[in-house]
Amino acid sequence: MTPAARVEAAIELLDSIIVSARGKGAPADRIIADYFRARRYAGSKDRRAVRDLVYRAIRLCGPVPAHGRAAMLAVAGQDEAVAALFDGSPHGPAPRAEGEEGANTGLAPKWLAAALRASDLGGREIAALLGRAPLDVRVNALKADRADLALPETGEALASAQGLRFASGTAVEQWDAYGEGLIEVQDLGSQLIVEALPIAAGDTIIDLCAGGGGKTLAIAARLGNAASIVAADTDKRRLGNLAPRAARAGAAVDHTVLLDPGREMRSLHPWANKADHVLIDAPCSGSGTWRRSPEGRWRLDPAELARLNALQDHVLDLAAQLVRSGGSIAFVTCSVLDAEGADRVAAFLERHPGWRGEALTLPAGRPRGAGIRMDPLHDGTDGFFIAALRSP
């Protein structure tokens with residue numbers, strides 16, 4: 001591909017990503033993977049260059065662009081080398097028309113920028129949410145130890161007990177250690193959260209929004225398979241990924257429970273008022289993971305945030321039905337917005353008299369309401385909120 005053809009390919013991809021973001025469809029990384037799967041002629045350098053152009057445009061454009069060409073013109077407005085490629089050459093973009101404007105730039109749409117500022121995030125904190133994330137792994141303590149595990153590359157030891165950090169894009173999933181279940185890809189923030197949970201050997205622990213099971217496996221490793229773990233979720237596809245992952249990791253998960261949305265207690269009734277601890281890794285906007293999925297700013301609008309808040313309240317109330325007297329809930333979102341963190345916990349405590357917030361010990365983060373918030377600028381993690389709640 002010529003440099004101009006790479007720009008045109010980025011424009012095509014951005015068109016698809018913008019449409020998908022507006023319709024809450026597939027994420028950008030999947031769209032890019034599908035695009036190149038159908039274009040085998042594109043070499044690795046071409047794929048990398050096009051991908052870099054796409055994400056450069058996404059990070060630059062806070063408001064949703066009208067189309068991919070406008071997004072790339074915004075890049076061209078800051079890069080003369082890219083601007084020169086709008087020359088009408090074969091397979092490249094058409095020349096810029098007189099008066100043709102690029103998309104508006106910025107950190108986020110106006111309403112979302114206001115919500116971030118209302119959550120006490122300044123320009124530096126917001127900009128850090130759009131940087132490039134490193135690749136963190138957790139050494140699986142069920143099979144190995146960070147101190148003596150030999151890997152193809154030397155990682156940076158992290159504040160978590162078994163965490164290592166590598167450069168973004170490191171192909172760890174191709175390493176033998178990954179195939180053998182010795183390591184799992186997991187952000188430092190997620191690792192620290194699991195280490196801070198008030199859990200112990202012998203506990204019955206429900207991972208209520210388990211998804212693919214990243215934190216489920218970390219809990220099993222932390223407790224040496226000495227707890228009864230229940231992994232539950234409404235997403236059949238993601239929950240289906242847990243069994244092979246657990247087998248690879250040597251993690252004991254006693255039950256996987258597929259939930260019917262709105263009727264979850266029909267499947268969870270055996271654990272009603274019996275769980276020692278319920279972990280809620282709640283569905284959220286993902287504002288804390290924009291380093292990996294910056295198009296998330298384009299997918300979020302006030303109506304979607306309100307929907308997510310209602311869902312977060314629902315799973316908190318559901319967890320309260322599962323916890324035994326004196327048991328605990330950990331509420332986690334990969335979001336930096338107060339609407340998905342401190343505000344949700346405050347609303348829960350108001351709805352459930354007798355429950356109380358409980359202090360957590362983490363080597364990162366700052367107090368936020370009844371919980372703790374971590375962010376990329378201050379902690380080198382994804383953005384997270386976590387709170388511990390104790391039953392009366």
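Each remark here, short or long, concerns the structure printed above.
Attention here is on the structure that accompanies the text. Keep in mind that what you see is a predicted model, and the values were worked out from it rather than measured.

A short note on the pairing of strand β9 (residues 323–333)
Then comes step 1: Of all the eleven residues making up β9, eight are buried; the element is thus mostly covered by neighbouring parts of the structure.
Then comes step 2: Looking at chain direction, strand β8 (residues 275–281) and β9 are connected through six bridges and run parallel. If you follow I280 over to β9, its bridge partner there is F331.
Then comes step 3: Where β9 and strand β13 (residues 384–390) come together, six bridges link them in antiparallel fashion. The residue of β13 that forms the bridge with T333 is F385.

Observations regarding the sheet that holds strand β1 (residues 135–139)
Then comes step 1: Spatially, β2-β3-β1-β4 is the arrangement adopted by the four strands of the open sheet, whose pairing is antiparallel. One side of each edge strand has no neighbouring strand; the edge strands of this open sheet are β2 (156–157) and β4 (183–185).
Then comes step 2: Of the strand pairs in this sheet, β2 and strand β3 (residues 163–166) are connected by two bridges, and their pairing is antiparallel. Residue pairing across strands places A157 opposite L164, the latter belonging to β3.

What to know about the pattern of salt bridges
Then comes step 1: The full count for this structure, using the stated rule, is 25 salt bridges.
Then comes step 2: Between D187 and R292 there is a salt bridge, and its shortest N-O distance comes to 3.0 Å. Here D187, found in the loop between β4 and α9 (188–196), pairs with R292, found in the loop between β8 and α14 (296–299); they are 105 residues apart in sequence, far enough to count as distant.
Then comes step 3: With a relative accessible area of 9%, D187 lands in the buried category.
Then comes step 4: Exposure remark for R292: the relative accessible area of 34% places this residue in the partly exposed category.
Then comes step 5: When the shortest N-O distance is used, the salt bridge between R351 and D317 registers 2.9 Å. With a gap of 34 residues between them, R351 in helix α16 (residues 342–351) and D317 in helix α15 (residues 302–322) connect regions that are remote in the sequence.
Then comes step 6: Judged by relative accessible area, R351 falls into the partly exposed class, the value being 34%.
Then comes step 7: Three or more residues joined by partner-sharing salt bridges are found here, namely D120, D338, R368 and R373.

Digging into the packing of helix α1 (residues 3–22) against helix α4 (residues 68–76)
Then comes step 1: Two elements in contact, α1 and α4, have axes separated by 7 Å at closest approach and are oriented at 125°. As summarised for this structure, α1 and α4 are arranged oblique, according to the angle between their axes. Here the hand of the crossing between α1 and α4 comes out right-handed. On α4, the residues touching V7, A10, I11, L14, D15 and I18 of α1 are G68, R69, A71 and M72.
Then comes step 2: Of the residues assigned to the contact of α1 with α4, the class counts are seven nonpolar, one polar and two charged.

Quick word on the environment of C61
Then comes step 1: As for its position among the elements, C61 is in the loop between α3 (44–60) and α4.
Then comes step 2: A C-alpha to C-alpha distance of 9.2 Å links C61 and W298, two positions 237 residues apart in sequence.
Then comes step 3: Setting aside residues no more than four positions away along its own chain, C61 makes contact with A71, A74, A103, N104, T105, G106, R297 and W298.

Points about helix α10 (residues 214–222)
Then comes step 1: Of all nine residues in α10, seven are buried; the element is thus mostly enclosed.
Then comes step 2: Those residues of α10 lying buried are K215, T216, L217, A218, I219, A220 and A221.
Then comes step 3: G224 sits one or two residues past α10 and shows a positive phi near 60°.

Description of the pairing of strand β5 (residues 204–207)
Then comes step 1: A two-sided burial pattern is seen for β5, the buried positions comprising T204 and I206 on one face and I205 and D207 on the other.
Then comes step 2: For the crossover from β5 across α10 to strand β6 (residues 228–233), the handedness is right-handed.
Then comes step 3: Both β5 and β8 contribute to a ladder of three bridges, which runs parallel. Directly across from D207, in β8, lies its bridge partner L279.

Re a positive patch on the surface
Then comes step 1: A cluster of like positive charges, contributed by R40, K45, R47 and R48, occupies part of the molecular surface.
Then comes step 2: Position of R48 relative to the elements: it lies in helix α3.

Brief notes about the packing of α1 against α3
Then comes step 1: For the pair α1 and α3, the least separation of the axes is 9 Å and the interaxial angle reads 50°. Relative to α3, the element α1 lies oblique. Note on packing geometry: the crossing formed by α1 with α3 is right-handed. Residue-level contacts link R6, V7, A9, A10, L13, L14 and I17 of α1 to K45, D46, A49, V50, L53, V54, A57 and I58 of α3.
Then comes step 2: Of the residues contributing to the contact of α1 with α3, the split by class is twelve nonpolar, no polar and three charged.

What about the nonpolar core?
Then comes step 1: Among the nonpolar cores identified, the biggest contains 36 residues, and I193, L197, I219, L362, M374 and I386 are the most heavily contacted of them.
Then comes step 2: Elements with a minimum of two residues in this core: α9, α10, β6, α12 (242–249), β9, β12 (371–374) and β13.
Then comes step 3: Ranked by residue count, the leading element in this core is α9, at five residues.
Then comes step 4: With residues near it in sequence (within four places) discarded, L362 still touches L192, A196, I372 and M374.

Parameters and conventions
- Residues numbered from 1 in each chain as written.
- Predicted model: local features only at pLDDT ≥ 70, side-chain atom pairs only at ≥ 80, totals over all residues.
- Heavy atoms only, no water.
- Buried < 20%, exposed > 50% of the residue type's maximum accessible area, 1.4 Å probe, protein only.
- Helix = DSSP H or I, 4+ residues; strand = E, 2+ residues; numbered from the N terminus.
- Pairing = 2+ DSSP bridges.
- Salt bridge = Lys/Arg side-chain N within 4 Å of Asp/Glu carboxyl O.
- Axes fitted to C-alpha atoms, helices over the stretch in contact; angles between N-to-C directions.
- Parallel < 35°, antiparallel > 145°, perpendicular 65-115°, else oblique.
- Left-handed = near helix turned anticlockwise from the far one by under 90°.
- Contact = heavy atoms within 4.5 Å.
- Nonpolar A, V, L, I, M, F, W, Y, C, P; charged D, E, K, R; others polar.
- Right-handed = clockwise from strand over helix to strand, strands pointing away.
- Patch = residues over 30% accessible without salt bridge, like charges linked within 9 Å, V, L, I, M, F, W, Y side chains within 5 Å.
- Areas by Shrake-Rupley, 256 points an atom, 1.4 Å probe, with all protein chains shown as cover.
- Lys, Arg positive; Asp, Glu negative; His and termini not counted.
- Charge placed at Lys NZ, Arg CZ, Asp CG, Glu CD.
- Core = buried A, V, L, I, M, F, W, Y, C linked by side-chain atoms within 4.5 Å.

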